[in-house]
Amino acid sequence: MTDQADQSRRNFLYVAAGGMGAVAAGAAVVPFLGSMLPAADTLAASKTEFEVSTVEAGQLVVIQWQGKPVFVVNRTQEYLAQVDGHDDMLKDANSEAIEAVSAAWMDTPEKRKYRSIKPEYLIVVASCTHLGCIPLFKPTKGRKDWGDSVPENWPGGWHCPCHGSLYDISARVINGSPAPHNLHLMPYKYLSDTKVLIG
Amino acid sequence: MLDKMMKSKLFGWIDERTGAEAIIKSQLTEYEVPKNLNYMWNFGSLALLVLVLQIVTGIFLAMYYKPSAALTYGGYTIAFDSVERIMRDVNFGWLLRYMHAVGASAFFVVVYMHIGRGLYYGSFKGPRELLWIIGVVILLIMQGAAFFGYLLPWGQMSFWGATVITNLFGALPVIGEFIQQLLMGGFAVGDPTLNRFFSLHYLFPLLLAAIVGGHVHALHVVHSNNPTGLDVHEGKSTIPFHPYYTVKDAFGVGVFLTIYTYIVFFNPQMGGYFIEVDNYVPANNLQTPAHIAPVWYLTPWYTILRSFESKLLGVLMMGASLAILFVLPFLDRSKVRSARYRPVYKQMVFLFFITVVVLGYCGHSAPTPTLKLIGQLATTYYFAFFLLLPLVNKFEKTKPLPEEI
């Protein structure tokens, strides 16, 4: 019986039937993998409002956006002055390396330097770009307050406790850190003078 | 196709290290199966398919389901809300849940057909006694898994169904209260019950998978029965499993999936038979629904329970109605297997199928005196069927058997 069969036709049927089965199985994977993506209510929680006037001068507040920590710093004039004068220590002084460290409103050198819409309020994702730890806030200059956990010419900023990455007061990464990039920015805008919509 | 693949270098490499060729030959390409199997023999492979579907959908549902009876701000419970979240917010969550809920019913449809086929064609008789007994164990674990799973949505039917069943165990003398508290983890169905039922609902399918392996192994030792019930002689009246029955099983899978997906997409609640309407009301431990009944696949045994005035007797008889399946191979002494050649047994087994359907109907309906009487009659025949078997072959004149299939 099998000897008389036209093998090429039979093989065509095998491949056609098997192919259809594979397509069906592939289609069935869509809902299963799809179900593992963020659910509708998780996506709905992807915007956060925050009143920046609640942050005192010189204070750092950590808030949550999409379950991720976010730094909101109220930078005093003193802190803002610490942004200048160490561009040679920075990996990416102008925040141009990747999209996540840049933003559409960074249209002037000033804004590239301060990395915020309003210079005093810096809002950045609080995850070290190395492996995701939350860096410690060490805003004052030099080693006076921080001992030898920071370099001698410390401009003030953040120090990551996990693997020693350093960022300046505009959250720009300092040379020699294991972290590849400046702390990421997230989309945000001012709804009023002091109310920010993050996300 | 398969033989071409088995000649490849890669396959040779694997074969040297696993003995894959010998396994494929002994289990597929040279595994001899009677050539006359009808479509009733498709339900075994379908049951395996549904088991896989249930495990896969269950694993994905467990990524979102939360077994907690703690109250939420909405006034419901975390478990109930998590199921509703699966239905509304999780991508394709509705599909996964309906596949799982319809799959539970489909599982029992397929398995009951499989069992019915075994009864009709005498597949439980020697040398397949142990194969049948392993199958009964699978049935009991399935019923357990279904019962545990039904509590998880934490609706009214979940709650009161679990209350009724755990109270059944309380009827047993001496150890009853102990078992009841062991199941509930407290003095009433509550948060601890929900947690352990979730754990057991995850455990039982793993047991099933293992025991199904044993069932298939036992089958491949004694080989398939066939519609004539005759012993077959290899080569003359058999064909290899692959490609003949792989193709036939694949066709059965196509038919099954057509019906299954139709129900999943267009009628997942099946008029309250697959998902009971009352179960969309959150569990309330202070109010029992007006009418509570188990899901359809457990209602025959529920009727047996209700048919006895004494609580203890009802529980024992319900247990006996399942336990008697274990001894079926030893009750039936007839040398002839298939009901085709057993005129008396044929009528008995058909009446038995009708009886189980009647028991199911009675268990699903609200109790009335008439239905109670019908249920009692059906219960009587349920047991009579088994107990008459040793007597039947004393007077039954079997039809002449053919020489060869």
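All figures in this text were calculated on a predicted structure; none of them were measured in a lab.

**Examining the overall build of chain A**
Looking only at helices and strands, one finds four helices and nine strands in chain A. Each helix and strand of chain A, placed in order from N terminus to C terminus, yields the pattern α-α-β-β-β-α-α-β-β-β-β-β-β. Against the 2.2 N^0.38 benchmark of 16 Å for 199 residues, chain A shows a C-alpha radius of gyration of 26 Å, more extended than a compact globule. For chain A, with 199 residues in total, the buried portion stands at 41%.

**Description of the packing of aromatic side chains**
All names here are of chain B. This model, assessed by the stated rule, comprises 39 aromatic pairs over all chains. Taking the centre distance of 4.5 Å and the plane angle of 25° together, the rings of F352 and F385 count as stacked. Residue F352 is found in helix α14 (residues 343-364), and its partner F385 is found in helix α15 (residues 369-395); the two are separated by 33 residues along the sequence. In terms of burial, F352 and F385 fall into one category: buried. What links up through ring pairs into an aromatic cluster is the set Y345, F352, Y381, Y382, F383, F385 and F386.

**Some remarks on the nonpolar core**
The biggest cluster of nonpolar side chains holds 108 residues, and the ones touching the most others in it are L119(B), F385(B) and F386(B). When residues of this core are assigned to their parent elements, the largest contribution, 15 residues, is made by helix α7 (residues 129-151) of chain B. Each of domain 1 (32-222 + 239-292) and domain 2 (294-405) of chain B accounts for three or more of the residues forming this core. Once you skip the residues sitting within four places of it in the chain, F385(B) turns out to touch L119(B), Y345(B), M348(B), V349(B) and F352(B). Counting residues in each nonpolar core, the second largest holds 38 residues, with V55(A), V83(A), A126(A) and I198(A) among its members.

**Considering the state of the cysteines**
Structurally, a disulfide amounts to a covalent bond that connects the sulfur atoms of two cysteines. All names here are of chain A. According to the stated counting rule, one finds one disulfide over all chains in the structure shown. Residue pairing for C133: its cysteine sulfur links by disulfide to C162, the two sulfurs lying 2.0 Å apart. Since a negative S-S torsion denotes a left-handed disulfide, the C133-C162 link at about -90° is left-handed. With C133 in the loop between β4 (121-125) and β5 (136-138) and C162 in the loop between β6 (157-159) and β7 (166-168), this pair connects stretches of sequence that are 29 residues apart. C128 takes part in no disulfide bond, and the closest cysteine sulfur, belonging to C160, lies 3.9 Å away.

**A closer look at the interface of chain A and chain B**
In this complex, chain A contributes 16 residues to the contact, which on the side of chain B involves 16 residues. A combined buried area of about 1,300 Å² lies between chain A and chain B, and 65% of that area is made up of carbon and sulfur atoms. Counting the contacts that link chain A with chain B gives one salt bridge. Connecting chain A to chain B are eight residue pairs in polar contact (both at pLDDT 80 or more). At the level of elements, α1 (7-34) and α2 (40-44) of chain A are the ones that each hand at least two residues to the side of chain A that touches chain B. Top element by residues in the side of chain A that touches chain B is α1(A). It accounts for seven residues.

**Overview of the sheet that holds strand β2 (residues 60-65) of chain A**
Residues and elements named next belong to chain A. Taken together, the three strands give an open sheet; going across it, the order is β2-β3-β4, and neighbouring strands pair in antiparallel fashion. The open sheet is flanked by β2 and β4, the only strands paired with a single partner. Strand-to-strand twist of the sheet, defined as the mean angle between neighbouring strand axes without regard to direction, takes the value 25°. Direction of pairing for strand β3 (residues 68-74) relative to β4: antiparallel, over a ladder of five bridges. From the neighbouring strand, V72 faces β4, where its bridge partner is I123.

**A word on the domain arrangement of chain B**
A common way to report how large an interface is uses the accessible area buried once the components associate. Residues and elements named next belong to chain B. With domains assigned, chain B is organised as domain 1 (32-222 + 239-292) and domain 2 (294-405). When each unit is reduced to the centre of its C-alpha atoms, the spacing between domain 1 and domain 2 is 23 Å. Taken together, the contact pairs 40 residues of domain 1 with 39 residues of domain 2. Summed over the three residues of domain 1 that lose the most area to domain 2, namely L119, Y120 and K125, the buried surface amounts to 20% of that side. Connecting domain 1 to domain 2 are one salt bridge.

**Looking at α15(B)**
Residues and elements named next belong to chain B. For α15, which comprises 27 residues, the first-to-last C-alpha distance of 37 Å matches the rise-based estimate of 39 Å (1.5 Å per residue) to within 8%. Of all the bends in α15, the greatest reaches close to 50° and is centred on L389; the proline P390 follows between one and four positions later. Turning to α15, its buried residues are L371, G375, A378, T379, Y381, Y382, F383, F385, F386, L389 and V392. Tucked into the core, α15 has its buried residues touching α6 (93-120), α12 (299-306), α13 (311-331) and α14.

**A short note on the sheet that holds strand β1 (residues 48-51) of chain A**
Residues and elements named next belong to chain A. Pairing within the open sheet is antiparallel, and its three strands lie in the order β1-β9-β8. The sheet is open, and its two edges are formed by β1 and β8 (188-190), each paired on a single side. Sheet twist, expressed as the average angle between the axes of neighbouring strands with direction ignored, equals 25°. Note: β1 against strand β9 (residues 195-198), four bridges, orientation antiparallel.

**Some points on a nonpolar patch on the surface**
Among the surface-exposed residues, V29(A), L33(A), M36(A), I59(B), M63(B) and Y202(B) lie close enough to one another that they form a single nonpolar patch of about 540 Å² accessible area. As for its placement among the helices and strands, M36(A) is situated in the loop between α1 and α2.

**A short note on the side chain of S321(B)**
Residues and elements named next belong to chain B. Summarising the element assignment, S321 is placed in helix α13. Note on S321: relative accessible area 0%, which makes it buried. Sequence-distant contacts of S321, defined by excluding residues within four places in its chain, comprise W301, I304, Y382 and F383.

Thresholds applied
- Residues numbered from 1 in each chain as written.
- Chains lettered and ligands numbered in written order.
- Predicted model: local features only at pLDDT ≥ 70, side-chain atom pairs only at ≥ 80, totals over all residues.
- Heavy atoms only, no water.
- Helix = DSSP H or I, 4+ residues; strand = E, 2+ residues; numbered from the N terminus.
- Rg over C-alpha atoms; globule rule 2.2 N^0.38 Å.
- Buried < 20%, exposed > 50% of the residue type's maximum accessible area, 1.4 Å probe, protein only.
- Phe/Tyr/Trp six-rings, centres within 6.5 Å; stacked < 30°, edge-to-face > 60°.
- Core = buried A, V, L, I, M, F, W, Y, C linked by side-chain atoms within 4.5 Å.
- Domains from an automatic or database assignment.
- Contact = heavy atoms within 4.5 Å.
- Disulfide = S-S within 2.5 Å.
- Buried area = accessible area lost by both parts, 1.4 Å probe.
- Salt bridge = Lys/Arg side-chain N within 4 Å of Asp/Glu carboxyl O.
- Polar contact = N/O pair within 3.5 Å; in protein donor to acceptor, adjacent residues only side chain to side chain.
- Pairing = 2+ DSSP bridges.
- Axes fitted to C-alpha atoms, helices over the stretch in contact; angles between N-to-C directions.
- Expected span 1.5 Å × (residues − 1).
- Bend = angle between axes of the 7 residues up to and from the residue.
- Patch = residues over 30% accessible without salt bridge, like charges linked within 9 Å, V, L, I, M, F, W, Y side chains within 5 Å.
- Areas by Shrake-Rupley, 256 points an atom, 1.4 Å probe, with all protein chains shown as cover.

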